[in-house]
Amino acid sequence: MTEQPKRRRIAVAVTGASGAIYAVRTIAALLEAGCELELVFSDYGKRLLLDELGPEAKVDRLAELMTARYGDGVTRGSFVIHSNKDLGATLASGSHRCDAMVIVPCSMKTLAGVSLGLSRSLIERAADVMLKEQRRLVLVPRETPMSLPALRHMVACAEAGAMILPAMPAFYQQPKSIDDLASFIAGKVLNALGFEQHLFPPWKGE
Ligand SMILES: Cc1cc2nc3c(=O)[nH]c(=O)nc-3n(C[C@H](O)[C@H](O)[C@H](O)COP(=O)(O)O)c2cc1C
């Protein structure tokens, strides 16, 4: 019998910074890539989903939301949702096989918690696990302007091995819609996690 290639297991955390659309586009793209996702939403992450994407963007209806927005391709992957209060969940341990983690969007509060290794919630603990196990951790911070403490927290996270991938979409692709902007950031996240991405075309130098 031919051995099936292992599906990649990725943690995706969604916190209460503006940019819920970056979260759903990233989750959809990873599902389209066939990943097993372990999702965690902070309380304000859930609130911003509703505030920015509308009343149908409920975490307990995520599968329906994904299919409605991005089509059946999302069924290539699978996901489970952990409570952010559950510090006994799989993601809280380095012995659990989870290849990489992205926090998208990442609030300045969660950024500070990760930088200081506070582990007050599952999101912060899972990020700390990624750093201690030297696995890929991608942070997608969003705030403007940025305080000096926030800038220092980003430097500390980068020094500890995280990739800082700010929610700063580019305009050289001539985006036509908000979805194009979200796809650009989601594509960058996929690249940072080691995936091929087809969400925006590569720059050809012309
Ligand atoms: C509408 C709204 C927009 C917000 N936007 C941001 C933001 O862009 N960046 C940020 O760091 N915090 C933002 N916040 C504040 C965070 O949600 C708040 O600091 C929260 O405690 C973050 O908690 P969490 O990291 O556990 O999600 C926003 C809050 C609200 C209600």
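Scroll up to find the structure.
Residues numbered from 1 in each chain as written. Predicted model: local features only at pLDDT ≥ 70, side-chain atom pairs only at ≥ 80, totals over all residues. Heavy atoms only, no water.

Trainee: What should I look at first to understand the pairing of strand β5 (residues 136-141) in this one?
Mentor: Along any regular strand, the residues point their side chains to alternate faces of the sheet. Of all the six residues making up β5, five are buried; the element is thus mostly covered by neighbouring parts of the structure. Pairing of strand β4 (residues 100-106) with β5 involves five bridges; the strand directions are parallel. Each bridged residue has a counterpart across the sheet, and for C106 the counterpart in β5 is P141. Read from β5 through helix α6 (residues 148-159) to strand β6 (residues 163-164), the crossover connection turns out right-handed. (Buried < 20%, exposed > 50% of the residue type's maximum accessible area, 1.4 Å probe, protein only. Helix = DSSP H or I, 4+ residues; strand = E, 2+ residues; numbered from the N terminus. Pairing = 2+ DSSP bridges. Right-handed = clockwise from strand over helix to strand, strands pointing away.)

Trainee: Help me out: how do you make sense of the site of the ligand in this one?
Mentor: Taken together, 14 residues lie near the ligand, and G16, S42, S107, T110 and R142 sit nearest. Take G16: an N or O atom from its main chain is 2.7 Å from an oxygen atom of the ligand. Within the side chain of S42, one N or O atom sits 2.6 Å away from an oxygen atom of the ligand. At the level of secondary structure, the elements contributing two or more residues to the shell around the ligand comprise α2 (43-53) and α4 (108-115). Considered class by class, the residues forming the shell around the ligand number four nonpolar, six polar and four charged. (Near = heavy atom within 4 Å. Polar contact = N/O pair within 3.5 Å; in protein donor to acceptor, adjacent residues only side chain to side chain. Nonpolar A, V, L, I, M, F, W, Y, C, P; charged D, E, K, R; others polar.)

Trainee: Explain the sheet that holds strand β2 (residues 36-41) here, please?
Mentor: Through backbone hydrogen bonds, the strands of a sheet pair up, either in parallel or in antiparallel fashion. Strand order in the open sheet formed by six strands is β3-β2-β1-β4-β5-β6, with parallel pairing between adjacent strands. Of all strands in the sheet, those bounded by a partner on one side alone are β3 (78-82) and β6. With five bridges joining them, β2 and β3 adopt parallel strand pairing. Along β3, the bridge assignment pairs L37 with F79. This element, α4, spans β4 and β5 of the sheet and lies at about 145° to β4. (Contact = heavy atoms within 4.5 Å. Axes fitted to C-alpha atoms, helices over the stretch in contact; angles between N-to-C directions.)

Trainee: I'm lost on the side chain of R25 in this one. Help?
Mentor: Residue position: R25 is located in helix α1 (residues 20-32). Filtering out sequence-adjacent residues up to four positions away, R25 remains in contact with E32, Y70, A182, S183, A186 and L199.

Trainee: In this structure, what is going on with α2? I would like to understand it.
Mentor: Given 3.6 residues per helical turn, the α-helix brings residues three or four places apart onto the same face. Along α2, the residues classified as buried are G45, L48, L49 and L53. All buried residues of α2 project into a common sector of 110° when viewed along the axis, lining one side. Across from the buried face of α2, at angles greater than 90 degrees, the exposed residues are D43 and Y44. Residues of α2 that are buried sit in contact with β1 (9-14), α1, β2 and α3 (62-70). Looking one or two residues beyond α2, the residue adopting positive phi is G54, at roughly 105°. (Arc of directions from axis to C-beta.)

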